[in-house]
Amino acid sequence: MTNNAPDTVAGTVGDDVRTVHRLRVLDEHRRQAVCGVGDPDGVTDVWLRAVNCPACLAADKEA
């Protein structure tokens, strides 16, 4: 990753396009949901939507 790349982005995991997770950027092709949903090598899509996953939001408060 480059120095100006974000550490996390908002996006969906797999076929669920309603739940928006905070995705930790692992490298240019892989992202993992902060809450642990999905596989780092699985399908994720970046969205310009607010995170609405309760577990990802709770993890933000704990950090």
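This one's a predicted model, so the numbers in the text were calculated from it and none came from an experiment.

Chemist: Honestly, the overall build of the protein chain in this entry has me stumped. Any pointers?
Modeler: Regarding its fold elements, the protein chain presents 1 helix and 4 strands. Element order for the protein chain, N to C, with α for helix and β for strand: β-β-β-β-α. Its C-alpha radius of gyration of 11 Å places the protein chain within 12% of the 11 Å reference for a compact globule of 63 residues. With the C-alpha coordinates aligned to their principal axes, the bounding extent of the protein chain is approximately 30 × 25 × 20 Å. The proportion of buried residues among the 63 residues of the protein chain is 25%. For the protein chain, contacts bridging at least 24 residues in sequence account for 40% of all contacts bridging at least 6. Surface exposure of the protein chain reaches about 4,300 Å², of which carbon and sulfur atoms provide 51%.

Chemist: Any chance you could explain the pattern of salt bridges here in plain terms?
Modeler: Scanning all chains against the criterion turns up 2 salt bridges. Between Asp-27 and Arg-30 there is a salt bridge; the shortest N-O distance is 3.8 Å. The salt bridge involving Arg-30 is made with Asp-41; its shortest N-O contact spans 3.8 Å. Of this pair, Arg-30 sits in the loop between strand E2 (16-25) and strand E3 (31-33) while Asp-41 sits in the loop between E3 and strand E4 (44-46), and the two are 11 residues apart along the sequence.

Reading guide: rules and limits
- Residues numbered from 1 in each chain as written.
- Predicted model: local features only at pLDDT ≥ 70, side-chain atom pairs only at ≥ 80, totals over all residues.
- Heavy atoms only, no water.
- Helix = DSSP H or I, 4+ residues; strand = E, 2+ residues; numbered from the N terminus.
- Rg over C-alpha atoms; globule rule 2.2 N^0.38 Å.
- Buried < 20%, exposed > 50% of the residue type's maximum accessible area, 1.4 Å probe, protein only.
- Contact = heavy atoms within 4.5 Å.
- Areas by Shrake-Rupley, 256 points an atom, 1.4 Å probe, with all protein chains shown as cover.
- Salt bridge = Lys/Arg side-chain N within 4 Å of Asp/Glu carboxyl O.

Scope: geometric values only; no functional claims are made or implied.
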